[in-house]
Amino acid sequence: MAINQLEENLEAITRTIEQLKKDGCSDEKILNDLREQRDKILKDLNL
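Comments concerning helix 1 (residues 3-22)
Given a rise of 1.5 Å per residue, 20 residues ought to cover 28 Å, and the 28 Å separating the end C-alpha atoms of helix 1 matches this to within 8%. Turning to helix 1, its buried residues are L6, L10, I13 and I17. Taken around the axis of helix 1, the buried residues stretch over an arc of 70 degrees, which confines them to a single face. The outward face of helix 1, more than 90 degrees from its buried face, is lined by the exposed residues N4, R15 and K22. Along its buried surface, helix 1 packs onto helix 2 (28-44).

A short note on the pattern of salt bridges
Should their charged atoms come close, side chains of opposite charge can pair. For the structure shown, the criterion picks out 5 salt bridges. Here R35 ties to E28 by a salt bridge, and the two come within 3.5 Å at their closest N and O atoms. With relative accessibility at 23%, the residue R35 sits in the partly exposed group. Between D33 and K29 there is a salt bridge, with its nearest N and O atoms 3.3 Å apart. In this pair, D33 and K29 are both assigned in helix 2, 4 residues apart and thus about one turn of the helix distant. Take D33: its relative accessible area is 33%, and that puts it in the partly exposed class. Judged by its relative accessible area of 59%, K29 falls in the exposed class.

Parameters at a glance
Sequence positions are assigned chain by chain, starting from 1 and proceeding in written order. With the structure being a predicted model, the display of local features is reserved for residues of pLDDT at least 70 and the display and counting of side-chain atom pairs for 80 or more, all residues being used for whole-chain, interface and lining totals. Note that water and hydrogens are dropped before the side-chain values are worked out from all heavy atoms of the structure. Helix and strand assignments follow DSSP, with helices taken as H or I runs no shorter than four residues and strands as E runs no shorter than two, numbered in order from the N terminus. By this rule, a helix spans an expected 1.5 Å times one less than how many residues it contains. In this scheme, a residue with accessible area under 20% of its type's maximum is buried, one over 50% is exposed, and one in between is partly exposed, where area comes from a 1.4 Å probe on protein chains only. The arc refers to the directions leading from the helix axis to the C-beta atoms. Contacts were defined at the residue level, with two residues in contact if any of their heavy atoms lie within 4.5 Å. Within this document, salt bridges are pairs made up of a side-chain nitrogen of Lys or Arg and a carboxyl oxygen of Asp or Glu, the two lying within 4 Å of each other.

And the structure:
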């Protein structure tokens, strides 16, 4: 996957997490899945 695509996905996941938290989402399974995806992308980008 191209670096730009990874960066776009990272931004989208981060925004989604923040929006869910702002909206009061209490489903930790969803939030944890998104955090895991974000962490995987960060690792792939070596950040």
